[in-house]
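Read off the chains here:
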Amino acid sequence: MRVVVQNDKSRARIPKAALRCAAAALASTALVAGCSALGSDSAARPAPGHGGPADAQARLAAEHARLVAAARHWNLDEVPLRPPAPPTVKPKITARAGFEVDGQEEENLPPVFTTVPTRQKVVFLTLDDGAEKDPAFLRMMSDLKIPYTAFLSNYLVKDDYGYFRRMQSEGHTLNNHTLTHPYLPGLSYEEQKDEICGMQAVMKRQFGKAPTVFRPPYGNYNGDTLRAAKSCGIKYAPIWDEEVFVDHWEYREDDKSLHPGDIVLTHFRGRDDWDGTMVDDMRRFLNKVTREGYAVARLEDYL
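The rules behind the values
- Residues numbered from 1 in each chain as written.
- Predicted model: local features only at pLDDT ≥ 70, side-chain atom pairs only at ≥ 80, totals over all residues.
- Heavy atoms only, no water.
- 1 Å grid on protein atoms, 1.4 Å probe; cavity = no way out; pocket = protein on both sides within 12 Å on 5 of 7 lines; lining within 4 Å.
- Points joined across faces, edges and corners; volume = space filled by probe spheres on them.
- Nonpolar A, V, L, I, M, F, W, Y, C, P; charged D, E, K, R; others polar.
- Patch = residues over 30% accessible without salt bridge, like charges linked within 9 Å, V, L, I, M, F, W, Y side chains within 5 Å.
- Areas by Shrake-Rupley, 256 points an atom, 1.4 Å probe, with all protein chains shown as cover.
- Salt bridge = Lys/Arg side-chain N within 4 Å of Asp/Glu carboxyl O.
- Lys, Arg positive; Asp, Glu negative; His and termini not counted.
- Charge placed at Lys NZ, Arg CZ, Asp CG, Glu CD.
- Helix = DSSP H or I, 4+ residues; strand = E, 2+ residues; numbered from the N terminus.
- Buried < 20%, exposed > 50% of the residue type's maximum accessible area, 1.4 Å probe, protein only.
- Phe/Tyr/Trp six-rings, centres within 6.5 Å; stacked < 30°, edge-to-face > 60°.

**Here's the deal with the layout of surface pockets**
So, point 1. When its volume is computed, the largest pocket comes out at roughly 370 Å³.
So, point 2. Lining the largest pocket are 16 residues, with Ile93, Thr94, Asn108, Leu109 and Pro111 sitting closest to its centre.
So, point 3. When grouped by side-chain class, the residues that make up the lining of the largest pocket number 8 nonpolar, 3 polar and 5 charged.

This is the structure we're talking about:
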């Protein structure tokens, strides 16, 4: 249950031409909207700002121009791809083969999985623990509209719950990563339950609700882990298929590639632990997934 090796590095600026093209598209759309308002049937057309086709086009052009500018500001190679709409029928999530425990199906235990079954070219970004609280990371992900899921350990987040409340207010999901981040298989059932249920209580008190998604620290678990998690209200126990660091990638699979539905792990870390910041880490992540034709989707939309 561990990740494996590494990958390459690349960084470049978005060509200024892309920004000029987006601005030109916006100007052109605005001009068409203005001219059509002068036609003889203008009284029958929706007024600007009231949902007409020209207004919709203008909004799309303006948003694209904004994203181009944001991608350029954060020094990305290109604008990240937009994810498709969430599936109306959720995929069936089961334990990954070889990751089951005794009684997995009979007891309906939370499945441990690394990839969501989908044919869409999407991946899911997850961040663990909560040690680094970088405000630039929040701004970057908000500017670029990138969804992500945070798995929090109380001993690392309790000094600044407000940082994670801001994250939650922007639509990102906060999930359970235990109170103190222990090696769970080394604990008794009751000790594991205290770690998981204790964090459920913290999440409900600090963030308004107890989550149904839990990640075991280090990706390590046993049957007692999943039984304890179920007793605490957990339905899913995702781990990961790839892990991204500020200077390299690591892979679970031998092909060392992204796959549709893969869950990608990174951590709340900064210069104290890495040769770079969370922004640098996200730049590496976004450049690779975008270059390979993947969009970043929200994990909970598929569960």
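Past the structure itself, the notes keep going.
**Focus: a negative patch on the surface**
So, point 1. A surface patch of like charges, here negative, comprises Glu100, Asp102, Glu105 and Glu106.
So, point 2. With respect to the element layout, glutamate 105 can be found in the loop between helix H2 (53–73) and strand E1 (112–113).
So, point 3. Taking relative accessible area as the criterion, glutamate 105 reaches 71% and is therefore assigned exposed.

**Concerning the pattern of salt bridges**
So, point 1. A full pass over the atoms with the stated rule returns 13 salt bridges.
So, point 2. Close ionic contact of glutamate 107 with arginine 227 constitutes a salt bridge, the shortest N to O distance being 2.9 Å. One end of the pair, glutamate 107, is in the loop between H2 and E1; the other, arginine 227, is in helix H7 (residues 223–231), and 120 residues separate them in sequence.
So, point 3. Glutamate 107 gets classed as partly exposed once you look at its relative accessible area, which sits at 33%.
So, point 4. Measuring nitrogen to oxygen at the nearest pair gives 2.8 Å for the salt bridge that ties aspartate 128 to arginine 215. Of this pair, aspartate 128 sits in strand E2 (residues 122–129) while arginine 215 sits in the loop between helix H6 (189–207) and H7, and the two are 87 residues apart along the sequence.
So, point 5. Classification of aspartate 128 as buried rests on a relative accessible area of 3%.
So, point 6. Residue classification places arginine 215 among the buried residues on the basis of a relative accessible area of 0%.
So, point 7. Among the charged side chains, a salt-bridge network with shared partners connects Glu63, Arg66 and Lys145.

**Focus: the packing of aromatic side chains**
So, point 1. Enumeration according to the criterion identifies 10 aromatic pairs in this entry.
So, point 2. Geometrically, the ring pair formed by phenylalanine 113 and tyrosine 236 is edge-to-face, given 6.4 Å between the ring centres and 85 degrees between the ring planes. Residue phenylalanine 113 is located in strand E1, and its partner tyrosine 236 is located in the loop between H7 and strand E5 (237–238); the two are separated by 123 residues in the primary sequence.
So, point 3. For phenylalanine 113, a relative accessible area of 2% translates into the label buried.
So, point 4. Both rings, one in phenylalanine 137 and one in phenylalanine 268, keep their centres 6.2 Å apart while their planes meet at 80 degrees; by these two values the pair is edge-to-face.

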